[in-house]
Amino acid sequence: MSRKVVILGGVGNGTVVAAAIEHARRMGATDLEVAGFLNDREEVGKHLDLFPVIGKLADAPRLLHEGYLFINTILRIDGNRERIALFESLGIPDDRLATFVHPQAYVAPSVQLGPGCVVMPNVSMSPASRLGKGCLMMAGAMMGHDNEVGDFCHIAAQAAVGSYLHIGKGVHIGLNATIREFLSIGDFATLGAGAVLTKNIPDNEIWIGNPAKFLRYAH
Ligand SMILES: CC(C)(COP(=O)(O)OP(=O)(O)OC[C@H]1O[C@@H](n2cnc3c(N)ncnc32)[C@H](O)[C@@H]1OP(=O)(O)O)[C@@H](O)C(=O)NCCC(=O)NCCS
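The structure presented is a predicted model; accordingly, all values stated were derived computationally and were not measured.

## Considering the sheet that holds strand 13 (residues 142-143)
Here is step 1 of the chain: Taken in spatial order, the 6 strands line up as 7-10-13-16-19-22 in an open sheet, and their pairing is parallel. Whereas interior strands pair on both sides, the edge strands pair on one side only; in this sheet they are strand 7 (106-107) and strand 22 (196-197).
Here is step 2 of the chain: Note that strand 10 (residues 124-125) and strand 13 share 2 bridges and pair parallel. Each residue of the ladder has a partner; that of S124, found in strand 13, is M142.

This is how it looks when you write it as structure tokens:
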């Protein structure tokens, strides 16, 4: 029997993650089945790519009661403090978050994924990294070994994340960015697309370029 999962979010990360789950389901590689989206900006009943909007975020407690699992995809590139608070206000317990690994990803056996993590196709994750809850590893992202990653981080497609890193919570690593080993990235920080990080990023800062430098503070 399939486990029904509701995606918090919509066009963007939400539809991308939903499509990957459906792709895996059609391959017989997951027992998760997407029921639809919760989205405050779209009309209930409207289809976003393959699946309908089935309610607003405020409907989460009811759907929790009805037995659904959840995946959160509502993250920002520029500071995630409010988005995480919004998710936490819904009261979804960890054991009702679905963790999804697409069958075309490589995840070393010793990698620990928190509840609600998503690992998209062509991701590679080397041994002994630990991810908190609700992290998204998008298509083709590469993670080295022995990393500590906080909750609700978004590692965009094709990012190359080194090893022995400490990455805080709500961090966005941009498309195709590269991170040298032994660095730390603070909570709610952002590394821009294509950046090459060679120094630590403090909390709430956005860095860009090669070598990456401070651009501005996150919202
Ligand atoms: C870093 C980022 C958040 C900054 O956004 P922003 O504050 O709106 O920045 P702006 O577009 O106003 O650009 C400000 C300046 O920084 C430069 N800049 C912005 N992003 C840059 C990047 N990734 N690399 C190099 N330069 C960049 C701009 O060219 C501009 O320079 P200028 O003032 O000389 O013209 C954004 O550009 C970025 O890289 N986002 C990540 C994209 C991504 O990973 N998407 C994943 C899809 S889910």
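Past the structure itself, the notes keep going.
## A look at the pattern of salt bridges
Here is step 1 of the chain: Scanning the model with the defined rule gives 11 salt bridges in all.
Here is step 2 of the chain: Here E66 and R62 are joined by a salt bridge, their closest N and O atoms 3.3 Å apart.
Here is step 3 of the chain: With a relative accessible area of 39%, R62 lands in the partly exposed category.
Here is step 4 of the chain: A single salt-bridge network, built from bridges that share partners, covers E22, R25 and R26.

## So, the site of the ligand
Here is step 1 of the chain: The full set of residues close to the ligand is I77, H154, A156, H172, G174, L175, G192, A193, I206, I208, L215 and R216.
Here is step 2 of the chain: In the model, an oxygen atom of the ligand is placed 2.9 Å from a nitrogen or oxygen of the H172 side chain.
Here is step 3 of the chain: Burial of the ligand by the protein chains amounts to 45% of its free accessible area of 910 Å².
Here is step 4 of the chain: Contributions of two or more residues to the shell around the ligand are made by strand 23 (205-208) and strand 24 (213-217).
Here is step 5 of the chain: Considered class by class, the residues forming the shell around the ligand number 7 nonpolar, 4 polar and 1 charged.

## Remarks on the environment of E88
Here is step 1 of the chain: Among the structural elements, E88 can be located in helix 3 (residues 81-89).
Here is step 2 of the chain: Sequence separation between E88 and V111 is 23 residues, and the spatial gap between their C-alpha atoms is 25 Å.

## Overview of the side chain of N39
Here is step 1 of the chain: Counting through the fold element by element, N39 comes out in the loop between strand 2 (32-38) and strand 3 (47-48).
Here is step 2 of the chain: N39 gets classed as buried once you look at its relative accessible area, which sits at 10%.
Here is step 3 of the chain: Separated by 3.2 Å, the side chain of N39 and the backbone oxygen of G9 make a polar contact.
Here is step 4 of the chain: Residues within four places of N39 in sequence aside, it is in contact with G9, G10, L48, V53, G55 and K56.

## Description of helix 1 (residues 13-26)
Here is step 1 of the chain: With 14 residues, helix 1 extends 20 Å from end C-alpha to end C-alpha; this agrees with the ideal 20 Å at 1.5 Å per step.
Here is step 2 of the chain: Residues of helix 1 that are buried include every one of N13, G14, T15, V17, A18, A20, I21, E22 and A24, and no others.
Here is step 3 of the chain: One or two residues past the end of helix 1 sits G28, with phi positive at roughly 75°.

## Concerning unusual backbone geometry
Here is step 1 of the chain: The residue after N210, namely P211, is reached through a cis peptide bond having omega -10°.
Here is step 2 of the chain: Relative to the assigned elements, P211 resides in the loop between strand 23 and strand 24.
Here is step 3 of the chain: One non-glycine residue, N122, lies in the positive phi region at around 65°.
Here is step 4 of the chain: One can find N122 in the loop between strand 9 (118-119) and strand 10.
Here is step 5 of the chain: Even without being glycine, F188 reaches a positive phi, approximately 60°.

What counts and how
- Residues numbered from 1 in each chain as written.
- Predicted model: local features only at pLDDT ≥ 70, side-chain atom pairs only at ≥ 80, totals over all residues.
- Heavy atoms only, no water.
- Pairing = 2+ DSSP bridges.
- Helix = DSSP H or I, 4+ residues; strand = E, 2+ residues; numbered from the N terminus.
- Salt bridge = Lys/Arg side-chain N within 4 Å of Asp/Glu carboxyl O.
- Buried < 20%, exposed > 50% of the residue type's maximum accessible area, 1.4 Å probe, protein only.
- Near = heavy atom within 4 Å.
- Polar contact = N/O pair within 3.5 Å; in protein donor to acceptor, adjacent residues only side chain to side chain.
- Areas by Shrake-Rupley, 256 points an atom, 1.4 Å probe, with all protein chains shown as cover.
- Nonpolar A, V, L, I, M, F, W, Y, C, P; charged D, E, K, R; others polar.
- Contact = heavy atoms within 4.5 Å.
- Expected span 1.5 Å × (residues − 1).

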